[in-house]
Amino acid sequence: MDTSSDPRPRRWHGVRREHWWWLWLVAGVLATAGYYLMPYDGLPSNLTYNVIGLVSATMIIVGVRRHRSLRPAMWYWFAAGQLTWAAGDLVWEYYRYVLGEEPYPSPADVVYLSAYPMLVAGMLMLIRGRERGGRDLAALIDAAIVAIGLGLVFWVFVMHPIAADSTASTVERMVGVAYPASDALLLAMLARFYTGSGRLSVSIRLLGIAALLLLIGDVTYSLVALYSDVDSATLDAFWLMSYVSWGAAALHPSMRAAGTAAEHGGNARVGRARLALLAVCSLLAPGLLFIPGIGADGVDRLTIAGGAVLLFLLVVVRMSGFVGQVQRQANQLETLAMADDLTGLANRRRFEQALGAALAAGRIQVALLDLDDFKGVNDRLGHGVGDRLLTVVAHRLNAALPDGVLVARMGGDEFAVLMPRATSDAADQIVARLAEALDVPVAAGEHELLIGASIGVTDGDGTGDPYEVMRRADVAMYAAKATGDRPRRYTPHLDEMSDEQARTGAELRTALDAGQFRVVYQPIVSLPAGHTVGVEALVRWEHPERGVIPPDRFIPAAERNGLIVELGEWIMRTACVQAMEWRARHGAAALVRMSVNVSARQLAEPGFATMVKAVLRETGLPAQALAVEVTETAVFGGGQAVQSLQDLHDLGVAIALDDFGTGHSSLGLLQTVPVDVIKVDKSFVDTITMAGRHAVIATALIQVSAGLGLTAVAEGVETAEQAAELHRLGYELAQGYHFGRPVAEPSFSRPGIVTGSV
């Protein structure tokens, strides 16, 4: 049965697979301790030594099979090296205990030395496998510095004394030098291993420890043999624990990915320890010359000089690499600091720098672009869709611009375009292409979004201040947003309008506190009799100095500064109080319903429905006697606005859709918004008496309302002919100057035209 996909932890004689490695470590430590409890140089101790080596090699093979290594060849090279060493031990034991000889050199030395290339091959495969995306040149140079520095020490104190020993035969010296030369090769591999990139798993660390213990044992043995008569039996612990570590590395579960790019953790960090090691190794060559007796030999001098030159060149190359890396990172940081993270466009900082330079160089044109209803997209569909929308818009803007023009995301949903040396006509053409690029719906996930943008355009004439240029573009952009024009070019007149709007916004607070607002009411009448059955509440501002200010001049300012919420609550309460007075005076039948206009900003408030409910409770007006009028644009975004209307509808408040038919999704809103009344826009009423197809839309709208069970009110009726035609088409309710202007006290007593002025 194939159990390769079995998620349960595997056991080996009742022990979980992930525990094998430390059980083997414990067993190896105990076996090493037992080795030292036996008589040294006896057959039992030597057999124990050999068994540890053989079992360690076996554990490597077991680990490869059990953990299914991704690079089995590397581990088999390690196992071959272990088995070769164990074979060398057996050959030596044969000569010593069977033949009674201790020759040097012997066939055992040939077997021992042949194990080193196998270990080096495995280490080389490990190092190359861990390199991702090519060689790590910096790590390779670091390894060379460490290997050459320590190799010089090794040459001076170990290899050269053995090679220069005139009492030994040539073969003895060759074999004697071969061991430290193999250790020097192993040293180079270890230096490369520990300076390489990537994180070190447990298995990799154990491999490094095994190779390091082997090197320490070999080097120490060579030094003791040359310069001391001390018994080297204690060094066996290094070789035995090296055996054990090889096996433990193969038994650890992390060995499966050892030597692959999967365990790569990024570029090696040059920490303090690594810098200290490189510094010490680079100073070893000149440092050796300060030791008495070193350098007297011509070979040593030549070797040290050659090593010093190599170290110097490597350090120079390494330092140039450091400098290059720092420069690249500085360039990357500068790029990141000048780019927008989401869209990849230039950011505000980059744009302001480029604007200053271009303005100083000559003529410029700047366009500032702000997406319409972007907040609504975020609120309705989530920030993920909003981010996708910004990314697509950025790509389209970038694709629509000619070379030499810079586009930047200034923040949020605002973009800026810098057109150096462009004329006004050229800039207008570029901006027209931008607007055209944004007319195509944007696919964001499962949504098709139709986006619009308000665009302000200006030049740098008459100023050398980049911030003044941006201010002008900002004024033009907000003028475009206020009037619906796209795009809008800056003129000094816009500053006057902006100042007026700012002054109006600042005075709104005082006006509300001082009671400068009043509510007037326009009749809604039945057709054809003209009886008043309802009124629409409209607000007026009676300024003590500027006279009566119309709503289209102060309502936008109130929406921008948020005062519309408080003003709207005051209008709602005032209208409901007035409705109760009229109902008490004329009877409930005289005023069927009071209509109050509500803005998008009010609907966005989570507590709006609660406020209306409280007003109805305080004034005593039945919910069925109140209608809330909203525009199509106020509820097009959905979200909290639609929820607020649904909450009001549940209370019994009627929902009226004002200016119906002028939006691009009027009929669609009838399916998503709880509508009771549609107020047909004045533009359809103006031409209703004309011959041809002018009355078709008005006819269709009354048919739609009748089919859906809605009430239809025709707005803007100014003539008796219009009223008669509307009644002929089926309209039962109408509103307009023909029936009465907005006044403080409309007539409920008689039908006909109600006169008055505001």
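A. Expanded view of the overall build of the protein chain. Tallying secondary structure elements over the protein chain gives 27 helices and 18 strands in all. Looking at the 758 residues of the protein chain, the share that counts as buried comes to 47%. Taking the contacts inside the protein chain whose residues are at least 6 apart along the sequence as the reference set, 71% of them involve residues at least 24 apart. Summing over all exposed atoms, the protein chain offers an accessible surface of approximately 36500 Å²; the carbon and sulfur share of this is 59%.

B. Representation of helix α13 (residues 374-381). Along α13, the residues that are buried comprise Phe374, Gly376, Val377 and Asn378. Following α13 by one or two positions, Gly382 adopts a phi angle in the positive range, close to 100°.

C. Layout of the sheet that holds strand β4 (residues 406-411). The sheet built from 5 strands is open, its strands ordered β4-β5-β3-β8-β9 with mixed pairing. The sheet is open, and its two edges are formed by β4 and β9 (488-489), each paired on a single side. As paired strands, strand β3 (residues 364-371) and strand β8 (residues 453-459) are joined by 7 bridges and run antiparallel to one another. By the bridge assignment for β8, Leu369 is matched with Ile455.

D. Focus on the side chain of Glu725. With respect to the helices and strands, Glu725 occurs in helix α27 (residues 720-729). Of the polar contacts made by the side chain of Glu725, one reaches the side chain of Arg728; its length is 2.5 Å. Ignoring sequence-local partners within four residues, the contact set of Glu725 consists of Ile688 and Thr689.

E. Quick peek at a nonpolar patch on the surface. Taken together, Leu43, Leu47, Tyr94, Tyr97, Val98 and Leu99 make up a surface patch of nonpolar side chains, about 550 Å² in accessible area. Broken down by secondary-structure element, the contributors of at least two residues to the nonpolar patch are α2 (43-67) and α3 (72-98). Counting residues per element, the nonpolar patch draws most heavily on α3, at 3 residues. Relative to the assigned elements, Val98 resides in helix α3.

F. Geometry of the packing of helix α1 (residues 20-37) against α2. Two elements in contact, α1 and α2, have axes separated by 10 Å at closest approach and are oriented at 170°. As far as their axial angle goes, α2 and α1 are roughly antiparallel. Counting all contacts with α1, which are made through Trp20, Trp24, Ala31, Thr32 and Tyr35, the residues of α2 involved are Ser45, Thr48, Tyr49, Ile52, Val55, Ser56, Met59 and Arg66. In terms of residue class, the contact of α1 with α2 is built from 8 nonpolar, 4 polar and 1 charged.

G. Inspection of the pairing of strand β17 (residues 711-714) at higher detail. Relative to β17, strand β16 (residues 677-680) is paired through 4 bridges, and the arrangement is parallel. Bridge assignment links Val680 to a residue of β17, and that residue is Ala714. When β17 meets strand β18 (residues 733-734), the two strands line up parallel, connected through 2 bridges. Across the sheet, the residue bridging to Ala714 is Ala734, located in β18. For the crossover that starts at β17, traverses α27 and ends in the parallel β18, the hand is right-handed.

H. Spatial organisation of the environment of Gly530. The residue Gly530 is located in the loop between β10 (517-526) and β11 (532-543) in this model. Note: C-alpha distance between Gly530 and Glu732 (202 residues apart in sequence) is 9.8 Å.

I. Representation of the pattern of salt bridges. Per the counting criterion, the structure on display carries 22 salt bridges. For Arg489, the salt bridge is made with Asp428, and the minimal N-O distance between the two is 3.0 Å. Residue Arg489 is found in strand β9, and its partner Asp428 is found in helix α15 (residues 424-437); the two are separated by 61 residues along the sequence. Under the relative-accessibility criterion, Arg489 is labelled partly exposed at 25%.

J. Expanded view of α15. For α15, spanning 14 residues, the distance from its first C-alpha to its last is 20 Å, which sits close to the expected 20 Å at 1.5 Å a residue. Within α15, burial applies to Ala427, Ile430, Val431, Leu434, Ala435 and Ala437. Angular distribution of buried residues about the axis of α15 spans 160°; they occupy a single face of the element. Along α15, exposed side chains directed more than 90 degrees from the buried face belong to Asp425, Gln429 and Glu436.

K. Highlighting the packing of aromatic side chains. In total, this model carries 12 aromatic pairs according to the counting rule given. The interplanar angle of 90° and the centroid separation of 5.6 Å between the aromatic rings of Trp85 and Tyr116 together place this pair among those described as edge-to-face. Taken together, the residues span a long stretch of sequence, with Trp85 in helix α3 and Tyr116 in helix α4 (residues 107-130) at a distance of 31 residues. On the basis of relative accessible area, Trp85 is assigned to the buried category, the value being 8%. Taking 4.9 Å as the distance between ring centres and 75° as the angle between the ring planes, the aromatic pair formed by Tyr521 and Trp582 counts as edge-to-face. In this pair, Tyr521 is assigned in strand β10 and Trp582 in helix α19 (residues 564-586), connecting sequence segments 61 residues apart. Of the two residues, Tyr521 and Trp582, neither departs from the other in class, the shared state being buried. Chaining the aromatic ring pairs together yields one cluster made of Tyr35, Tyr36, Tyr49 and Tyr243. Between Arg741 and the ring centre of Tyr737, over which it is positioned, the NZ or CZ distance is 3.9 Å.

L. View of the confidence of the model for the protein chain. Confidence in the prediction for the protein chain averages 83 pLDDT; 89% of positions are at 70 or higher. Below a pLDDT of 50 lies the segment residues 752-758, which in the model reaches 17 contacts outside its immediate sequence neighbourhood of four places, other chains included.

M. The packing of helix α5 (residues 137-163) against helix α6 (residues 170-195), seen in detail. Direction vectors running N to C along α5 and α6 enclose 160°, while the axes themselves pass 8 Å from each other. Relative to α6, the element α5 lies roughly antiparallel. The two elements α5 and α6 meet at a crossing, and its hand is right-handed. Of the residues belonging to the contact of α5 with α6, the class tally is 18 nonpolar, 3 polar and 4 charged.

N. Summary view of the nonpolar core. Core analysis: the biggest nonpolar cluster contains 77 residues, and Phe517, Met572, Met594, Leu603, Leu626, Leu648 and Tyr731 have the highest contact counts within it. Broken down by element, this core gets its largest block of residues, 8 residues, from α19. Residue contacts for Tyr731: discarding those within four places in its chain leaves Leu527, Val680, Ala698, Leu701, Ile702, Ala712, Ala714 and Leu726. Listed in part, the 52 residues of the second largest apolar core include Met74, Tyr116, Met123 and Ala211.

O. Spatial organisation of unusual backbone geometry. That bond from Tyr104 to Pro105 is cis: its omega, -5°, falls within 30 degrees of zero. Here Pro105 is to be found in the loop between α3 and α4. The omega angle of the peptide bond from Leu527 to Pro528 is 5°, so this bond is cis rather than trans. Within the fold, Pro528 resides in the loop between β10 and β11. A positive phi angle, close to 55°, is found at Arg68, a residue other than glycine.

P. Structural context of the pairing of β11. With 10 of 12 residues buried, β11 lies mostly within the body of the structure. When β10 meets β11, the two strands line up antiparallel, connected through 9 bridges. Counted as the bridge partner of Val525 is Thr532 from β11. Judged from the 4 bridges that link them, β11 and strand β13 (residues 593-597) form a sheet pairing that is parallel. Looking at the pairing, Ala537 lines up with Val596 of β13.

Definitions and limits used
Residues numbered from 1 in each chain as written. Predicted model: local features only at pLDDT ≥ 70, side-chain atom pairs only at ≥ 80, totals over all residues. Heavy atoms only, no water. Helix = DSSP H or I, 4+ residues; strand = E, 2+ residues; numbered from the N terminus. Buried < 20%, exposed > 50% of the residue type's maximum accessible area, 1.4 Å probe, protein only. Contact = heavy atoms within 4.5 Å. Areas by Shrake-Rupley, 256 points an atom, 1.4 Å probe, with all protein chains shown as cover. Pairing = 2+ DSSP bridges. Polar contact = N/O pair within 3.5 Å; in protein donor to acceptor, adjacent residues only side chain to side chain. Patch = residues over 30% accessible without salt bridge, like charges linked within 9 Å, V, L, I, M, F, W, Y side chains within 5 Å. Salt bridge = Lys/Arg side-chain N within 4 Å of Asp/Glu carboxyl O. Axes fitted to C-alpha atoms, helices over the stretch in contact; angles between N-to-C directions. Parallel < 35°, antiparallel > 145°, perpendicular 65-115°, else oblique. Nonpolar A, V, L, I, M, F, W, Y, C, P; charged D, E, K, R; others polar. Right-handed = clockwise from strand over helix to strand, strands pointing away. Expected span 1.5 Å × (residues − 1). Arc of directions from axis to C-beta. Phe/Tyr/Trp six-rings, centres within 6.5 Å; stacked < 30°, edge-to-face > 60°. Lys NZ or Arg CZ within 6 Å of the ring centre and 35° of its normal. pLDDT = per-residue confidence, 0-100. Left-handed = near helix turned anticlockwise from the far one by under 90°. Core = buried A, V, L, I, M, F, W, Y, C linked by side-chain atoms within 4.5 Å.

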